[in-house]
Amino acid sequence: MIIVIPQVLNLDQVKQMRQHMDQANWQDGRNTAGTQAIGNKHNQQLDQDDPLTQQLADFILAALARQPEFVAAALPLKILPPMFNRYRQGETYGLHVDNAIRLIPGSATRLRTDLSATLFLAEQNEYEGGELEIEDQYDTQRIKLDAGDMVLYPSTSLHRITPVTRGQRLAAFFWIQSMVRQHEQRQALYQLDNTIRSLTTDLGQDAKPVLDLTQVYHKLLRQLADT
Ligand code: NI
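Residues numbered from 1 in each chain as written. Predicted model: local features only at pLDDT ≥ 70, side-chain atom pairs only at ≥ 80, totals over all residues. Heavy atoms only, no water.

**Looking at the packing of aromatic side chains**
Next, step 1: Summed over the entire model, instances satisfying the criterion amount to one aromatic pair.
Next, step 2: Judged by centre distance (5.7 Å) and plane angle (85 degrees), the ring pair of Phe 173 and Trp 175 falls under edge-to-face.
Next, step 3: On the basis of relative accessible area, Trp 175 is assigned to the buried category, the value being 5%.
Next, step 4: Over the ring of Trp 175 we find Arg 102, and its NZ or CZ is 4.2 Å from the ring centre.
Next, step 5: Its guanidinium or amino end placed over the ring of Tyr 127, Lys 144 lies 4.1 Å from that ring's centre, counting from NZ or CZ. (Phe/Tyr/Trp six-rings, centres within 6.5 Å; stacked < 30°, edge-to-face > 60°. Buried < 20%, exposed > 50% of the residue type's maximum accessible area, 1.4 Å probe, protein only. Lys NZ or Arg CZ within 6 Å of the ring centre and 35° of its normal.)

Put into structure tokens, the structure is as follows:
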């Protein structure tokens, strides 16, 4: 399941972030690609060791922690610090799959990539091409979102970035290890959580169906979550 979470950052926050990114140290994106992906990756990324990159990453992590929609959809256990990329005219990232395991920089901790996230930092009219194409079980989805919006998709999917033909595409990207490893179980919990939230709006938080379903949600989460 592909989930879009709108307005993780507001326009002011995007603007601030981009001012910093303009001054930052961009490197060849192939430095962090896996063996299969390295040949078809043509972009730039911010130096992960640069303190400015780490500040920008922390800013995004703080925004995510305030997003109930993200927490409900991802049920995050560990989040890899966000990285930043840009694609200029002619640049692209061919079809590939993300590595299953990543090391959290500066630590000995590994993270299993259950979900991949892209947070768009350029407006749609600033560039042409640069769509994120995700092959899911049934078809191919083309994703291009407004600045500040984010997409979550299963890290098992094959995906690519189509060539940018005008302007420049800027984004943050990162991976999440979820407390719930199986996508179908996580999706069912997310669906239940959405139902509870809409019932809460309609009936109030003390209504019996809301309490009953909340109890069911937490019973399931106890069974399915690893912490
Ligand atoms: Ni990828």
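**Remarks on a nonpolar patch on the surface**
Next, step 1: A contiguous nonpolar surface patch, about 210 Å² in accessible area, is contributed by Leu 95, Val 97 and Leu 158.
Next, step 2: Here Val 97 is to be found in the loop between strand E7 (92-96) and strand E8 (101-103).
Next, step 3: By relative accessible area, which is 39% here, Val 97 ends up partly exposed. (Patch = residues over 30% accessible without salt bridge, like charges linked within 9 Å, V, L, I, M, F, W, Y side chains within 5 Å. Areas by Shrake-Rupley, 256 points an atom, 1.4 Å probe, with all protein chains shown as cover. Salt bridge = Lys/Arg side-chain N within 4 Å of Asp/Glu carboxyl O. Helix = DSSP H or I, 4+ residues; strand = E, 2+ residues; numbered from the N terminus.)

**Observations concerning the coordination of the nickel ion**
Put simply, the ideal angle at a metal is 109.5 degrees for four donors in tetrahedral geometry and 90 or 180 degrees for six donors in octahedral geometry.
Next, step 1: At 2.1 Å from the nickel ion lie its protein donor atoms, namely His 96 (NE2), Asp 98 (OD) and His 159 (NE2).
Next, step 2: All donors of the nickel ion belong to a single chain; written as a sequence motif, their spacing is H-x1-D-x60-H. Within this pair, whereas His 96 is found in strand E7, its partner His 159 is found in strand E15 (residues 158-161), the two being separated by 63 residues in sequence. Judged on exposure class, the residue His 96 and its partner His 159 are both buried. (Donors = N, O, S within 2.8 Å, 3.2 Å for Na, K, Ca; no water.)

**As for the side chain of Glu 91**
Next, step 1: For Glu 91, the location among the structural elements is in the loop between strand E6 (83-87) and E7.
Next, step 2: The class for Glu 91 is buried, based on a relative accessible area of 14%.
Next, step 3: A distance of 2.7 Å separates polar atoms of two side chains, one belonging to Glu 91 and the other to Gln 44.
Next, step 4: A polar atom in the side chain of Glu 91 sits 2.6 Å from the backbone nitrogen of Arg 88.
Next, step 5: Once residues within four sequence positions are removed from consideration, Glu 91 is found in contact with His 42, Asn 43, Gln 44, Arg 86, Thr 162, Pro 163 and Val 164. (Polar contact = N/O pair within 3.5 Å; in protein donor to acceptor, adjacent residues only side chain to side chain. Contact = heavy atoms within 4.5 Å.)

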